[in-house]
Amino acid sequence: MTERQNKAYDYFRQQGFLPVDGESYPVFKSYDQGDNRLGELTAVVAVVWGFAYHAVYKVIQGYLCSLWFHREGQAYFEILRPSQRGPTCSLQEAVDILYGLSLGAELPFLRIYAIEERFLGEYEALKGYIIKTEYSDDHSEYAYRIKDVLELSGGINLNKRNRLKKFFKQLNISLQPIRKENVHLCLEVQKAWCARRACSFCESFVGCEKNALAIMAVIFDEQVHTGIIGYFDTVPVGYAICEKKNEQMAFLYFGKSTVPDFFVYLIYMIVKMYFSDVACLNINEDMGNAGLRLFKAHLGIHELWRKYSCTFTRAIEGESDDRTAA
């Protein structure tokens, strides 16, 4: 982190914010229901990647507020609504509190990120601020209808079909569900995958995926999370870890294979085996990586779900709010 970020981090810890880590999973999970789709920031994603952003959190007037420090020098909040009982203050009051904390930490402004399009109007209607709204397709989420993931016909599915057909014919492939007692095999596959690549590749986007997966292995709950391990003969060569949130949404969290194209097969099979009754599969963003973008585009017809950021600075008294969208 930068010197300014370190200073801000210390300030928020002094204000009662706690580190986002595996131990905070129950808190985030309690907000992972109801009206929150949570976008990319499901409870799992928050706690397994919190270390990479030195993230901290605090429940403020019923809202779960987490602060994330980006490597490019930016810091942003994510706000989650309570899923059971309502918050004890309005969104205006919550943002006012966070703005005051940001000033106390000597941050130049308050940035709130990962705002779903359906909630954007509420943030842009807040009073007393100059609000700048932005989004980037690099950080939009890839969402697929389940029937489109399973569809193999037509030109749009040619790449997926060609990748899958060689595995359909192989007799030495077996799939096993991930359980608490074998989730460590995912780490073995991950380590083998990482051994062929420079660490700087992953860290240039988010952080060490092995570290995040190690946290996933600790919090893995067979009642909540779903996964499969793929074997060639008796050797594990790939895995996929997902979660069915409800009838509308399933999330793909982690997955890798040491065999080219086998991960596509694992996605296809886990959807077919576990998510046929779900409307959509969300596999998160491509972070601007061309290879990852191509991979996700070739999984089938998809939508990009935008996540917006709103930057708040105080309007000068007597000056009208200047809201711009980029």
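Scroll up to find the structure this text is about.
Residues numbered from 1 in each chain as written. Predicted model: local features only at pLDDT ≥ 70, side-chain atom pairs only at ≥ 80, totals over all residues. Heavy atoms only, no water.

Asks: Before we move on, can you summarise the overall build of the chain with the specific residues and values?
Replies: The helix and strand tally for the chain stands at 12 helices and 15 strands. Its C-alpha atoms give the chain a radius of gyration of 21 Å, near enough to 20 Å, the size a compact globule of 326 residues would have. Each of the three principal axes of the chain carries a C-alpha extent, and together these read 70 × 40 × 40 Å. The 326 residues of the chain split such that 51% are buried. When contacts within the chain are restricted to residue pairs at least 6 apart in sequence, long-range pairs at least 24 apart make up 75% of them. Positive and negative side-chain charges of the chain, numbering 37 and 40 respectively, have mean locations separated by a distance of 6 Å. (Helix = DSSP H or I, 4+ residues; strand = E, 2+ residues; numbered from the N terminus. Rg over C-alpha atoms; globule rule 2.2 N^0.38 Å. Buried < 20%, exposed > 50% of the residue type's maximum accessible area, 1.4 Å probe, protein only. Contact = heavy atoms within 4.5 Å. Lys, Arg positive; Asp, Glu negative; His and termini not counted. Charge placed at Lys NZ, Arg CZ, Asp CG, Glu CD.)

Asks: An account of the environment of leucine 98 is needed here, citing residue identities and associated values.
Replies: Tracing the chain through its elements places leucine 98 in helix H4 (residues 91–104). Once the C-alpha coordinates of leucine 98 and asparagine 157 are considered, the two residues, 59 residues apart in sequence, prove to be 46 Å apart. Setting aside residues no more than four positions away along its own chain, leucine 98 makes contact with Ile60, Cys65, Phe77, Ile79 and Leu110.

Asks: Tell me what's going on with the packing of helix H8 (residues 184–194) against helix H10 (residues 209–219), and back it up with residues and numbers.
Replies: It is at 10 Å that the axes of H8 and H10 come closest, and there the two elements cross at 175°. Classed by the angle they form, the pair H8 and H10 counts as roughly antiparallel. Seen from H8, the contacting residues are Cys186, Leu187, Gln190, Lys191 and Cys194; seen from H10, they are Glu209, Lys210, Leu213, Ala214 and Ala217. (Axes fitted to C-alpha atoms, helices over the stretch in contact; angles between N-to-C directions. Parallel < 35°, antiparallel > 145°, perpendicular 65-115°, else oblique.)

Asks: Kindly report on the pattern of salt bridges, identifying the contributing residues and their values.
Replies: Within this structure, the stated rule accounts for 15 salt bridges. The closest approach of N and O atoms between lysine 132 and glutamate 134, which form a salt bridge, is 3.8 Å. The partly exposed category is assigned to lysine 132, whose relative accessible area is 40%. Its relative accessible area of 26% is what places glutamate 134 among the partly exposed residues. Residues joined by salt bridges that share partners form a network here, namely Arg111, Lys132 and Glu134. (Salt bridge = Lys/Arg side-chain N within 4 Å of Asp/Glu carboxyl O.)

Asks: So what about the pairing of strand S5 (residues 110–116)? Which residues, and what values?
Replies: A large share of S5 lies buried, amounting to six of its seven residues. Bridging between S5 and strand S14 (residues 307–314) involves five bridges; their strand directions are antiparallel. Within S14, the residue paired with isoleucine 112 across the bridge is cysteine 310. (Pairing = 2+ DSSP bridges.)

Asks: If you had to explain the packing of aromatic side chains to someone new, which residues and values would you point to?
Replies: This structure, assessed with the given rule, holds 20 aromatic pairs. Aromatic pair phenylalanine 167 and phenylalanine 262: ring centres 5.2 Å apart, planes at 65°, arrangement edge-to-face. Remark: phenylalanine 262 occurs in helix H11 (residues 262–274) and phenylalanine 167 occurs in helix H7 (residues 158–168); sequence separation between them is 95 residues. The same class applies to phenylalanine 167 as to phenylalanine 262, namely buried. Three or more aromatic residues joined by ring pairs make a cluster, and in this case those are Phe167, Phe168, Phe232, Phe262, Tyr265 and Tyr268. Taking the ring centre of phenylalanine 119 as reference, the NZ or CZ of arginine 81 above it sits at 4.1 Å. Taking NZ or CZ as reference, lysine 256 lies 4.7 Å from the ring centre of tryptophan 193, over its face. (Phe/Tyr/Trp six-rings, centres within 6.5 Å; stacked < 30°, edge-to-face > 60°. Lys NZ or Arg CZ within 6 Å of the ring centre and 35° of its normal.)

From the geometry alone we can't say anything about function, so treat these as descriptive.
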